[in-house]
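Fold and geometry: a report
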Amino acid sequence: MCIYFIDLDFSIKKMYLLEEKIYFWLLLVIPILILLFLGVLVWKKTTQKRFADAALFKKLSPNQSIFKSILKIIVISLALACFVMALINPKIGTKLETVKREGVDVVFAIDVSKSMLAEDIAPNRLEKSKQLITQIINNLASDRIGIIAYAASAFPQLPITTDYASGKMFLQSMNTDMLSSQGTAIYEAIELAKTYYNDEEQTNRVLFIVSDGEDHEGNTKIIAEEAAKEGIKIFTIGVGSEKGAPIPIKRNGIVQSYKKNNQGSTVITKLNTTTLQEIANEANGTYIDGKNTSAVVEEVTTILKNMDKKEFEAKQFADFKDQFQWFLGAGLLLLFLDIFLLERKTSWVRKLNLFNEQ
């Protein structure tokens, strides 16, 4: 698990790495411990009532402190949390170096028009698109990626970068409300994609258009010509079904109604494979059916592997320092303090009387 701090130009400021994430499950011991503690408190109270009333018990055990018991369980819980973090072993990237890498510049243009809300492919077309691209990114090695959102206009989501974690983070935030104007302008997406390929020596420029093919302007010839001029190969990934589905209008995740046309009829949006195939064929690419995630990932991986790679420079963290010792030390210190926390009142606690004890 990597956590990035990123500024507007997407440069990495510092990186944290959690080495053994599996040990996070041990944190479940803490709520169990607290529940056991509360159970013991209840058991003590009920047992004490059998032998003496509250006033008599106060006289028999005047220095018994609820506060000290609660403080002990808090200290023990914090100590356990520290030991778990020590096992997880957080690391901090301390050395940033420039390395040579070879890859292809890959831009993903994602359709975020309202038709992408149709649920003819689970969970819906847009979420399926995001899942596909996430899995593709997970299988990349050294290629650079960029992301564009488009409907009636195109909007840059992520510039060309080797930071895959940022790519997936920005990808998950995409939705159909990002762009107020609706429609599907592939032409504008391609125009914007051309600005992403900033290296004139890059021989392979790849654009993956992920869409249902609905409402496209039909100017595939112009699209192909523009792509050819810039050396861009366009591959289209179709999401949806040719049978189609209505476009749900939801509130708080619950379907309220379905989108209707001017005549009051429910709009049925269908996957337009013909348009997507034409765009891909005219722009030296291929059409990919997006129904099967593993098949899509395998085909895209094969396409990219067979392309000529361009060498470029990238910055990455090369040296990580362990931080487990800080958590181990804090845990031991807390356990040491717990030794001196007796379950009896001390003079300063008695004066504070936090629980209004008589």
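Attention here is on the structure that accompanies the text. (Residues numbered from 1 in each chain as written. Predicted model: local features only at pLDDT ≥ 70, side-chain atom pairs only at ≥ 80, totals over all residues. Heavy atoms only, no water.)

On to the packing of aromatic side chains. Enumeration over the complete set of coordinates arrives at two aromatic pairs. Arranged with centres 5.7 Å apart and planes meeting at 20 degrees, the rings of Phe 108 and Phe 208 form a pair that is stacked. On the criterion of sequence distance, the pair formed by Phe 108 in strand E4 (residues 105-111) and Phe 208 in strand E7 (residues 205-211) is long-range, its members being 100 residues apart. Pair check on accessibility: Phe 108 and Phe 208 agree, each one buried. These aromatic residues form a ring-pair network of at least three members: Phe 108, Phe 208 and Phe 235. (Phe/Tyr/Trp six-rings, centres within 6.5 Å; stacked < 30°, edge-to-face > 60°. Helix = DSSP H or I, 4+ residues; strand = E, 2+ residues; numbered from the N terminus. Buried < 20%, exposed > 50% of the residue type's maximum accessible area, 1.4 Å probe, protein only.)

Our focus in this paragraph is the packing of helix H3 (residues 66-88) against helix H10 (residues 324-339). At a minimum axis distance of 8 Å, the contact between H3 and H10 shows a crossing angle of 160 degrees. Classed by the angle they form, the pair H3 and H10 counts as roughly antiparallel. In this structure, H3 crosses over H10, and the sense of that crossing is left-handed. Side by side, H3 and H10 meet where Lys 72, Val 75, Ile 76, Leu 78, Ala 79, Cys 82, Phe 83, Met 85 and Ala 86 of the first sit next to Phe 324, Phe 327, Leu 328, Ala 330, Gly 331, Leu 332, Leu 334, Leu 335 and Asp 338 of the second. Looking at the contact of H3 with H10 residue by residue, the classes come out as 15 nonpolar, one polar and two charged. (Axes fitted to C-alpha atoms, helices over the stretch in contact; angles between N-to-C directions. Parallel < 35°, antiparallel > 145°, perpendicular 65-115°, else oblique. Left-handed = near helix turned anticlockwise from the far one by under 90°. Contact = heavy atoms within 4.5 Å. Nonpolar A, V, L, I, M, F, W, Y, C, P; charged D, E, K, R; others polar.)

Within the largest apolar cluster, 34 residues are counted, with the highest numbers of intra-cluster contacts made by Phe 108, Phe 208, Ile 237 and Leu 304. Mapped onto this core, the elements with two or more residues apiece are E4, helix H4 (125-138), strand E5 (144-150), helix H5 (164-172), E7, strand E8 (232-238) and helix H9 (293-305). With sequence-adjacent residues up to four places away left out, Leu 304 is seen in contact with Val 104, Val 106, Leu 140, Asp 143, Val 206, Phe 208 and Lys 309. By size, the runner-up hydrophobic cluster in this structure holds 20 residues, among which are Tyr 150, Ile 160, Ala 189 and Ile 234. (Core = buried A, V, L, I, M, F, W, Y, C linked by side-chain atoms within 4.5 Å.)

Bringing unusual backbone geometry into the picture now. Note that the residue after Ala 122, namely Pro 123, is joined by a cis bond; omega there is -10 degrees. As for its position among the elements, Pro 123 is in the loop between E4 and H4. In this model, Asn 89 sits at a positive phi of 60 degrees, which is unusual for a non-glycine residue. By the element assignment, Asn 89 lies in the loop between H3 and strand E3 (90-103). On the accessibility criterion, Asn 89 (6% relative accessible area) is buried. Here Asn 284, not a glycine, exhibits a phi torsion of approximately 60 degrees, which is positive.

The strand order across the open sheet built from six strands is E6-E5-E4-E7-E8-E13, with neighbouring strands paired in mixed fashion. In the strand order of this sheet, the two ends are held by strand E6 (154-161) and strand E13 (287-289), each with one partner. With direction set aside, neighbouring strand axes in the sheet form an average angle of 20 degrees. In this structure, E5 lies alongside E6, joined through five bridges in antiparallel fashion. Its bridge partner being in E6, Ile 145 is matched across the sheet by Thr 161. On top of the sheet, H9 reaches E4, E7, E8 and E13; it is set at about 155 degrees to E13, its chief contact. (Pairing = 2+ DSSP bridges.)

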